[in-house]
Structure formats: structure tokens, C-alpha cells
Amino acid sequence: MKTVHPATILEEDSKNRVLEPNAGKSSNFYHSDHILQSYLKKHMRADALKYMTDKLEWIGEEAATQMNLLSAQADQNGPVIKKRTPYGEDLEEIEFHPSYWKLMDMAAETEMFYVKWDPDLRKKFSNERHLLGFSVGHLYAMTELGVYCPLCMTDGAARLLDLFADDEDKHRLIPGLSSRNGKTLLSGAMFLTEKAGGSDVGANRTMATHLEGKLYRLNGEKWFCSNANAHVMMVLARSNEQSGTKGLSLFLVEKTLPDGTRNPMEYIRLKEKLGVRSMATAEIKLKDTIGKLIGEEGKGFKMMTEMINLSRLYNSVTAVAGSRRALIEAYEFLTYRKTFGKTALEHALIRDKLWELGSLHIVDFLLVWKTIQTMDAADNGDERSAHLNRILIPMSKWFSAETSVYIGRESMELMGGMGYIEDTVMPRIYRDLLVLPIWEGSGNIIVLDVLRASQKTKGMQYLLEDIQKLSRKSEKYGDIIQKELAKVTKVLEALPEQSRDSMESSAKPIFKRLIYLWQMALMIEEMDQDNRQWIELALEYMSKHLHPEKFGVKEPPSVETIQNLIGWEPKY
Ligand SMILES: Cc1cc2nc3c(=O)[nH]c(=O)nc-3n(C[C@H](O)[C@H](O)[C@H](O)COP(=O)(O)OP(=O)(O)OC[C@H]3O[C@@H](n4cnc5c(N)ncnc54)[C@H](O)[C@@H]3O)c2cc1C
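Keep in mind the model is a prediction, meaning the values are calculated, not measured. Throughout this document, residue positions are counted from 1 along each chain, in the order its sequence is written. The model is predicted, so local features are restricted to residues of pLDDT at least 70 and side-chain atom pairs to those at 80 or more, both for listing and for counting; the totals for chains, interfaces and linings are taken over all residues. Where side-chain values are given, they derive from all heavy atoms of the structure, hydrogens and water being excluded.

Engineer: Got a sec to walk through the overall build of the protein? Specific residues and values, please.
Structural biologist: Only runs of H or I of at least four residues qualify as helices and only runs of E of at least two qualify as strands under DSSP, and these elements are numbered from the N terminus. When you go through the protein residue by residue, the secondary structure sums to 21 helices and 11 strands. When we talk radius of gyration, it's over C-alpha atoms, and the globule rule is simply 2.2 Å times the number of residues to the 0.38. Taking 25 Å as the expected radius of gyration for a compact globule of 572 residues, we find that the protein reaches 25 Å, a close match to that expectation. When the backbone C-alpha atoms are referred to their principal axes, the protein occupies close to 85 × 70 × 45 Å. Buried residues are those whose accessible area, probed at 1.4 Å on protein chains only, stays under 20% of the maximum for their type, while exposed residues exceed 50% and partly exposed ones sit between those limits. Here the protein, with 572 residues, has 56% of them falling under the buried criterion. Residues count as neighbours in contact if any of their non-hydrogen atoms are within 4.5 Å of one another. In the protein, the proportion of contacts linking residues at least 24 apart, taken out of those at least 6 apart, comes to 77%. Computed by Shrake-Rupley with a 1.4 Å probe, the accessible areas treat only the displayed protein chains as cover when residues are assessed. Accessible surface, the protein as shown: approximately 25200 Å² in total, 52% of it carbon and sulfur. Positive charges come from Lys and Arg alone, negative charges from Asp and Glu alone, with His and the N- and C-terminal ends not counted. Where a charge lies is defined by one atom per residue type, namely NZ (Lys), CZ (Arg), CG (Asp) and CD (Glu). Charged side chains in the protein number 75 positive and 80 negative. The centres of these two groups are separated by 3 Å.

Engineer: Talk me through the side chain of aspartate 376; I want residue IDs and the actual numbers.
Structural biologist: Along the chain, the position of aspartate 376 falls in helix H13 (residues 348-379). Buried and unpaired, aspartate 376 has arginine 129 as its nearest opposite-charge partner, separated by 6.0 Å. Setting aside chain neighbours within four positions, we find aspartate 376 in contact with Asn127, Glu128, Arg129, His130 and Leu131. Salt bridges are counted wherever a side-chain nitrogen of Lys or Arg sits within 4 Å of a carboxyl oxygen of Asp or Glu.

Engineer: Let's hear about the site of the ligand: which residues, and what values?
Structural biologist: Residues are labelled near a given molecule or strand when at least one of their non-hydrogen atoms is within 4 Å of it. Taken together, 18 residues lie near the ligand, and Met190, Thr193, Ser199, Ser226 and Ser442 sit nearest. Between N or O atoms, a polar contact is any pair within 3.5 Å; within protein, one atom must be a potential hydrogen donor and the other a potential acceptor, and residues adjacent in sequence are included only when both atoms are from side chains. A distance of 2.9 Å is found between a nitrogen atom of the ligand and a backbone nitrogen or oxygen belonging to methionine 190. One of the side-chain nitrogen or oxygen atoms of serine 226 is found 2.8 Å away from a nitrogen atom of the ligand. Protein chains bury 63% of the 970 Å² of accessible surface belonging to the ligand in isolation.

Engineer: Please give an account of the environment of asparagine 309 that cites residues and values.
Structural biologist: Following the sequence through the fold, asparagine 309 ends up in helix H12 (residues 300-335). Exposure remark for asparagine 309: the relative accessible area of 16% places this residue in the buried category. With 231 residues separating them in the primary sequence, asparagine 309 and glutamate 540 have C-alpha atoms 32 Å apart.

Engineer: Give me the lowdown on the state of the cysteines, citing residues and values where you can.
Structural biologist: Disulfide assignment relies on a single distance test, namely cysteine sulfur atoms paired within 2.5 Å. Throughout the structure, instances matching the rule amount to 0 disulfides. Summary of cysteine pairing: cysteine 149 is not part of a disulfide, and the nearest cysteine sulfur, belonging to cysteine 152, is at 6.1 Å.

Engineer: Go over the nonpolar core, please, and point to the residues and values.
Structural biologist: Membership of the largest hydrophobic core comes to 186 residues, with the highest contact counts inside it found for Met234 and Phe511. Per-element accounting of this core gives the leading share, 18 residues, to H12. Aside from chain neighbours lying at most four places away, what touches methionine 234 is Ala157, Leu160, Leu161, Ala189, Met190, Phe191, Leu250, Phe251, Leu252, Ile294, Met304 and Met307. Throughout this description, the term nonpolar core refers to a set of buried Ala, Val, Leu, Ile, Met, Phe, Trp, Tyr and Cys residues connected via side-chain atoms within 4.5 Å.

Engineer: Describe in detail the packing of H13 against helix H19 (residues 500-526), supporting the description with residues and values.
Structural biologist: The interhelical angle for the contact between H13 and H19, taken along N-to-C directions, is 85 degrees, at an axis separation of 9 Å. Classed by the angle they form, the pair H13 and H19 counts as roughly perpendicular. Together, Val363, Asp364, Leu366, Leu367 and Lys370 of H13 and Ile515, Trp518, Gln519, Leu522, Met523, Glu525 and Glu526 of H19 make up the contact between the two elements. Each residue receives one of three labels: charged for Asp, Glu, Lys and Arg, nonpolar for Ala, Val, Leu, Ile, Met, Phe, Trp, Tyr, Cys and Pro, and polar for the others, Gly being one of them. Residues belonging to the contact of H13 with H19 are distributed by class as follows: 7 nonpolar, 1 polar and 4 charged. Angles shown run from 0 to 180 degrees and are taken between the N-to-C directions of axes, each axis being a line fitted to C-alpha atoms and, for helices, limited to the stretch in contact. The scheme is simple: roughly parallel for angles under 35 degrees, roughly antiparallel for over 145, roughly perpendicular for 65 to 115, oblique for anything else.

Engineer: How would you summarise the pattern of salt bridges if you had to cite specific residues and measurements?
Structural biologist: The final tally for this structure, using the stated rule, is 50 salt bridges. Among the ionic pairs, glutamate 266 bridges to lysine 287, the shortest N-O distance being 2.5 Å. Residue glutamate 266 is located in strand S8 (residues 265-270), and its partner lysine 287 is located in strand S9 (residues 281-294); the two are separated by 21 residues in the primary sequence. Connected through shared salt-bridge partners, Asp166, Glu168, Asp169, Arg172, Glu254 and Lys292 make up one network.

Engineer: Lay out the pairing of strand S7 (residues 248-254) with the relevant residues and their values.
Structural biologist: Among the 7 residues that make up S7, 7 are buried, leaving the element largely enclosed by the rest of the structure. The alternating pattern of S7 places Leu248, Leu250, Leu252 and Glu254 and Ser249, Phe251 and Val253 on opposite faces, both of which are buried. Two strands qualify as a pair provided that DSSP identifies no fewer than 2 bridges between them. Where strand S6 (residues 232-238) and S7 come together, 7 bridges link them in antiparallel fashion. What sits directly across from leucine 236, in S7, is leucine 250. Bridge count between S7 and S9: 3 bridges; the pairing is antiparallel.

Engineer: Talk me through H12; I want residue IDs and the actual numbers.
Structural biologist: What a helix is expected to span follows from its residue count: subtract one and scale by 1.5 Å. Between the first and last C-alpha of H12 there are 52 Å, a value that for 36 residues agrees with the 52 Å anticipated at 1.5 Å per step. In this analysis the local bend is the angle between axes fitted, respectively, to the seven residues ending at and the seven residues starting at the residue. Its axis deflected by about 25 degrees at glutamate 306, H12 carries its strongest bend there. Of all 36 residues in H12, 32 are buried, a share of seventy percent or more.

Engineer: Break down the packing of aromatic side chains for me, with residues and values.
Structural biologist: The geometry of an aromatic ring pair comes down to the distance between the two centres and the angle between the two planes. When the centres of two rings from Phe, Tyr and Trp lie within 6.5 Å, Trp using its six-membered ring, the rings pair. Their planes under 30 degrees apart give stacked, over 60 give edge-to-face, and anything left gives tilted. Under the defined criterion, the tally for this structure stands at 14 aromatic pairs. Seen from their ring centres, tyrosine 39 and tryptophan 369 are 6.0 Å apart, and the 70 degrees between their planes marks the pair as edge-to-face. Separated by 330 residues along the polypeptide, tyrosine 39 in helix H3 (residues 34-43) and tryptophan 369 in helix H13 bring together distant segments of the chain. Residue classification places tryptophan 369 among the buried positions, given a relative accessible area of 0%. Between tyrosine 100 and tryptophan 101, the aromatic rings sit 5.1 Å apart at their centres with planes inclined by 85 degrees, giving edge-to-face as the arrangement. On the basis of relative accessible area, tyrosine 100 is assigned to the buried category, the value being 2%. On the basis of relative accessible area, tryptophan 101 is assigned to the partly exposed category, the value being 40%. Here, a charge over a ring means that NZ of Lys or CZ of Arg falls within 6 Å of the ring centre while also lying within 35 degrees of the ring normal. Here the guanidinium or amino end of lysine 55 rests over the ring plane of tyrosine 51, the centre of that ring lying 3.8 Å away. Between lysine 116 and the ring centre of phenylalanine 134, over which it is positioned, the NZ or CZ distance is 5.4 Å.

Below is the structure:
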């Protein structure tokens, strides 16, 4: 029998591996991401970026390292309802794994809320409050999409109180809702959905009966309540005889009543969810729950749209961040994976796929971050931006959510078998992404909302004007964008004359086309020396959709071009 020398075994073993021995992995998502850095540098004032830099660097490092473990733990050890103490006292609490609380603490420490709501910072950075909050939020959501939902509603509750509550409630609650210390952070929630009314909120049945002053007793069942254990819940309930949304008023429901007792409500059960399992979504019975009327009676839904709009923006940021994570996981893997004697990145079909996914990331990033800036301008009193936002927010939500699921799935496939295995973050990220097209208005509901906004605001007119103006700056694409825009405009103008069915049916594809033209226009607007290396390639890729489908001989982009497009440095 032939004996094998031990040195030979060692040599053979060294080749028996999944990744190359020099495999690099980002240890700081902020440092690694050229696209994010370049965008923030361009659009944030220098003093704002300076204020935020240490937080960006800190959460960038945490998201790439420690948070992965915390997120996996929080996902695998989801919340449970605790009905009673061991000694039989009624409790009605939700218990979380310690990693969940650590994730909440970390969010507070990024100052994602504090930078927006602290009175001095609010004044100082009034033009870029959302930009600042979402800059750290993006890095956070690259690792933890689930907890970002309670965080979204915490900011949303602060927004509603700031806009509509009386001074006493504002001063009492907003500092807690925007704390930079997890121990003192109060979290928020929004309870709209009921069994009968999800998309159709006007079908809701929870009743509010007047008690005294602004206080009401609420009775009914809320069917999907995320962040069920929140301190501050913004709740819609029916307070008058009017049907539909006109009968709904907005109530501030606090977990604890002024005398220190628990505001009565019963957790029926927690939803067994496909994803976002770290946070608690409950079915809750309101049983003489005390709520304080906010704003005018019967105007609840109108006020609530302020929170819904902000949530849609959070949803969009989560979509871009989560799909960025999936993409860079695949990219890092392919950079250090060998198949058929070559680095996987060197195969033509992989380069083609990364060209597509990298381009989709860039256009969605620009779409969503432009909307963030428009929201900042609108909050700062710019009326044109407020109109524009009525179109941009729902469109960003819809498009980014759909694309994120596509990027997530394709990135998973690019990692082969490893993409399907829980040891990598891919399965969790993908499960979490799947909810984004559903909540905060699913695709069809968004289309109906954009239709409504096109009729009631000047948003659509401004969007068409902006596409027209920006596209003129491009010699290469200007003419063809304008030709396409003329076709889209013709259909949009014809919509009001159609039957309702025909109007809805025609709107969906035409709105998609419009978003696509807007993304082209944004790339033209945005391109400069610093970002040309990725935007030019994304423009080239996306421009294919301006032409009828063409088949023929073509060359894939080079490895170096793909590296430029992805804009990611694995070795940081
Ligand atoms: C994990 C999770 C957490 C959630 N957390 C919260 C929360 O914290 N607070 C809260 O209030 N809600 C929450 N929701 C509820 C969520 O917002 C709703 O599920 C969503 O709005 C859709 O409502 P629905 O489930 O009743 O669907 P339905 O309204 O029954 O819709 C079913 C389908 O029909 C489509 N549809 C409905 N009407 C039309 C129409 N007119 N034209 C065309 N298509 C239509 C919808 O797009 C959808 O695809 C949560 C949901 C999930 C999954």
C-alpha cells in the first residue's frame, strides 16, 4: 500500500476550502462604502457631517461586527408574552432576549433621534434632520431590519406629537422618544390595522367613548401591533357616527397611566412571522384603554398620514440598506471564491449580474435619498417640496421595497449554497426584506395613493417638470428621456377621462415607467468627478430600458469596472 506523506495531506487540505485564505470582510460598513460616503459628503453641510462622523464610524463598525451576533440572537430568540408573574399577579408584558435591548440601546446611542429632536441641534441642522438621522439608520439597518421598525415608529410618534399635541405632552414625551440613552428611551407604536381594516382603514371598528376633557375610553381589537410593548402608542379609533376615515380620531395611548398603573389592554397573541422576528407584533384587545384625543375629532386619519409618510421613508431606507447588505455579502464572497480555476468575480455571467444589481442599488439609493432631502426641505417650509413629496414618498416606498426583494434573492443565488445557510446573514436579511412591500401600504395601495396625490396636489406636475429639466443636461440621454416622458405624460393626461377600473389598471405600469425616468434624471443630476465611476456605469445599464429589447453580441464589463460600480472596499 502506498503511504501518503503528511506534508502532502497538508497541501491538499489547504486547497480544500470555500474561500481563499486571504478572504477579506468589511469590519466597518461606513469606511467600506464609497457610495454612502460620497453622497453624505456632497449633500450634508460640513459641520453636520463633522457632528455625525464619530457616530457613523461607530455604528459602521458595530453593524459589521458585534451587531451580527446580537441580531442573530434576537431573531432566533423572539419575544414572548408574559401574562403573569410567577406568583400569579397579572402582568401583561412582553419579554425579550437581552440582545434585543442591546440593539435598542445601540440605536439610541447613534443619536438617530436625538440629532433630530434636541432643540439646539434641531435649530442648527434644520435643513438636514432626516438626512442626519437616516445616515446612521442606514448603517444600522444593514444588519438589523427588525428593530428598525420600532425605531421608525418611535420617531413617527415624536413627529405626530410635535405637529399636533399640546405643549405639555410634547415637552413631557419628545425628550424620551428621542433619547440618546437606551435606558431612558421611550419607544413608539402605531395601531391602525384591524381585522376588517388593513389597507381599508376606514373599515375600522374600535370605538372611542368620551370620558372627560380630552380623555376617552377605547374598546376594540387591533390586529397587527408592532412594537406592542411601546410606551407611546398612536391609535386610531371611531369617535363619531361618520363612516369611513372621517369617523376616525387620533389618540395618544400611554402604557402607564399618570397614577403609575398599567393602562388596561390585553395581548391576545404574538404573530408568528416569516421575518422581522426580533421585534414583537401582537394582536391587542383595547379594554377601556385610556386615550387622549390629539388634534381635532374626526381628523385622525389625516394626521396619521404624517406618521405613515415618515414610516414609508424608513421602509425605503431599510430596503436600500438591507439589499445593500445582501449585495455586498455576495460581492465579498465572489471576490474570494474560486470556481473553475478562476475567482468567481472573473466569470462573465457574474460580472453581468453584478452590473445589474449594482446599478439597481445606485438608482434606488438616489431615489430614496433624494426623497429624504425633499422631506427635509418640505419640513423646513418649502411648499414645492411638500407637493413633490406626496408623489415621491409613496413611489420610493413601492419601488425600493420591490427592488430590495429582487436584489436580496439574486444576491443569495450568487452565493450558491452558502447563501441559503443560516451561518451567513443572507437568509435572515432576505426574510426581513420580504415584509417591506407589504406593510406601510402594499404596491396596489401605493398606486391608488399616487393617483389620489396626482389629482389633489401639484406633485405630479412638479415631478414631470423636474425630469424634463434635469434630462436636458445630458447630451447622450436627454433626447430619448424626453421622448419617453412625452409618451408617459400623454397617458397621465388621459387618466382622468377613463373609467375607474381603466384608470387604476393603466396607472400602475405608467407610474413604474415614471419612476424609472426619474431615476435616470437623478443620475444625470448627481454625476460628478467623485461618483462618475459608478453612476456612469449605472446610467449605461439603466439606459438599456429606454430602447426596445435588443439581443446581440456584447461584452460584459471588466472586473475593475464592476469593482468601481459596487463602490465597496472589503478590506476596511
Ligand atoms: C409584520 C407586520 C407588522 C405589522 N405591523 C403593523 C403595525 O404596527 N401597525 C399597523 O397598524 N399595522 C401593521 N401591520 C399591518 C399592515 O400594515 C397591513 O397588513 C397592510 O397595510 C395590508 O393590510 P391587510 O393585511 O388588511 O391587507 P388587505 O387590505 O386585506 O389587502 C390584501 C391585498 O389586496 C390588495 N388590495 C386591497 N385593496 C385594494 C384595492 N382597492 N385595489 C387593489 N388592491 C387592493 C392589497 O394591496 C393586498 O395585496 C403589520 C403587518 C405585518 C405583516
